[in-house]
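# Results of the structural survey
What follows is each chain in one-letter form.
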Amino acid sequence: MRASYLMGNETAYLRPSLGLNEAILITGAGTETGGAAALSYDRETTATLTLSPALEVGLTKGDVQGWQSQSWLRVTRTFQPLDAQSLSAAFAGSDSNAMRVTGLHESAFTTLALGVDLHNSSRTDLQLTYDTRLGDITSSAALSAKFSLHF
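Presented here is an overview of the structure given in this document. Just so we're clear, the structure is a prediction, and the values are computed from it rather than from any experiment.

Quick notes on the rules
- Residues numbered from 1 in each chain as written.
- Predicted model: local features only at pLDDT ≥ 70, side-chain atom pairs only at ≥ 80, totals over all residues.
- Heavy atoms only, no water.
- 1 Å grid on protein atoms, 1.4 Å probe; cavity = no way out; pocket = protein on both sides within 12 Å on 5 of 7 lines; lining within 4 Å.
- Points joined across faces, edges and corners; volume = space filled by probe spheres on them.
- Helix = DSSP H or I, 4+ residues; strand = E, 2+ residues; numbered from the N terminus.
- Nonpolar A, V, L, I, M, F, W, Y, C, P; charged D, E, K, R; others polar.

Taken as a whole and judged by the stated rule, the model has one cavity of 30 Å³ or more. One number sums up the size of the largest cavity: a volume of about 40 Å³. Arg-2, Arg-15, Ser-17, Ala-54, Leu-55, Glu-56 and Arg-74 together form the lining of the largest cavity. Sorting the residues of the lining of the largest cavity by element identifies strand 3 (12-27) and strand 6 (44-64) as the ones contributing at least two each.

Quick look at the structure:
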């Protein structure tokens, strides 16, 4: 769920927003093959609630040879609880060697997104986006392109 407010005019805008998301991770139970070293693991369900305030700033360029462009920058800070995501497992055929594996994740991270949207009068769209996620434990980056032809 996201709430946002758009302020601006036909050439520039500012859009603050607040997102609230819930993710539910369900891992099924199973048993590996491989003899005495095979693991048997339990079904686990983990729910995570995140809060993400964001600010987007954008510029719109008017009609240039049938194309209209919009460039934007979005900064998002995501907060989530530090509840561990874990998996319980044991060696197949033995409950005495039960273990619990816990995944690490961070309580907050920042996402920076930069994009350009191009639209033309013949109903063709092109979107180019660069996203980077910056955190204390993890970081990632993605470059994407999306082409749409409406018919």
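From this point, the narrative continues.
Considering only enclosed or pocket space, the largest pocket measures out at about 170 Å³ in volume. Where the lining of the largest pocket is concerned, the elements lending two or more residues are strand 3, strand 6, strand 7 (67-79) and strand 10 (108-120). For the lining of the largest pocket, the leading source of residues is strand 7, giving three residues. For the lining of the largest pocket, a count of residues per class yields two nonpolar, six polar and three charged.

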